[in-house]
Amino acid sequence: MNILLATHNYYPYNYGGTEVYVASLAQYLIKLNHEVSIVAAVDEEAFNTNPVIFEDDNLKVCTYHYQEITVFGVKYKKITTEQIYSRQSHQHQKSWGELISTNDTFKNIDLLHVHGFTPTIGLDLIYALKTSNHSIKVISSYHTAISCAKETLLFANTLT
């Protein structure tokens, strides 16, 4: 399968639990002979050292390799308060669609696995991929301390 792992941040620009989880899953899937790539929001720093493969008025995308995995670093040029709460922008969905139409990796995704849900990695990406490929499967994982039933993984049970 051609699998796209979507997450809110990724190495080497951010280090945290989700990055560990996504990197480990990617390596495991590769050992099972799947094609794996990652799409993640990145800071402006990523665009200073990696080639930009897509840019329009809304979306900027660079690409790099981390531990031999292709990573697509993305950044929205503008995000409104409405989009933060609705998690959707038709303009951004259109930009994702244009990226997908010009990039073979995105065109041929069999499975989208969403690991972090933000305005950047969210509905716009999902809808654009579903529009370009009706048979794509979409799953999501939620793996943060807030999902700890005992509440022992939160900072001293303060819910912060």
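Definitions and limits used
Residues numbered from 1 in each chain as written. Predicted model: local features only at pLDDT ≥ 70, side-chain atom pairs only at ≥ 80, totals over all residues. Heavy atoms only, no water. Axes fitted to C-alpha atoms, helices over the stretch in contact; angles between N-to-C directions. Helix = DSSP H or I, 4+ residues; strand = E, 2+ residues; numbered from the N terminus. Parallel < 35°, antiparallel > 145°, perpendicular 65-115°, else oblique. Left-handed = near helix turned anticlockwise from the far one by under 90°. Contact = heavy atoms within 4.5 Å. Nonpolar A, V, L, I, M, F, W, Y, C, P; charged D, E, K, R; others polar. Phe/Tyr/Trp six-rings, centres within 6.5 Å; stacked < 30°, edge-to-face > 60°. Buried < 20%, exposed > 50% of the residue type's maximum accessible area, 1.4 Å probe, protein only. Lys NZ or Arg CZ within 6 Å of the ring centre and 35° of its normal.

**Focus on the packing of helix α4 (residues 90-102) against helix α6 (residues 123-132)**
Running from amino to carboxyl end, α4 crosses α6 at an angle of 50 degrees, the nearest separation of the two axes being 8 Å. When the interaxial angle is binned, α4 and α6 end up oblique. For the element pair α4 and α6, the recorded crossing hand is right-handed. Between α4 and α6, the residues in contact are His92, Gln93, Trp96, Gly97 and Ile100 and Asp124, Leu125, Tyr127, Ala128, Leu129, Thr131 and Ser132, respectively. Its residues assigned to classes, the contact of α4 with α6 comprises six nonpolar, five polar and one charged.

**So, the packing of aromatic side chains**
Tallied over the full model, the rule gives seven aromatic pairs. Measuring from ring centre to ring centre gives 5.3 Å for Tyr10 and Tyr11, while their planes differ by 55 degrees; the resulting arrangement is tilted. Summarising the burial analysis for this pair, Tyr10 and Tyr11 share the class buried. When the ring of Tyr11 is compared with that of Tyr15, the centres are 5.0 Å apart and the planes differ by 50 degrees; the resulting orientation is tilted. The class of Tyr15 is exposed, set by a relative accessible area of 60%. A cation over an aromatic ring shows up here: Lys60 above the ring of Phe47, its NZ or CZ 4.8 Å from the ring centre.

Function-wise, these values are silent; they only describe arrangement.
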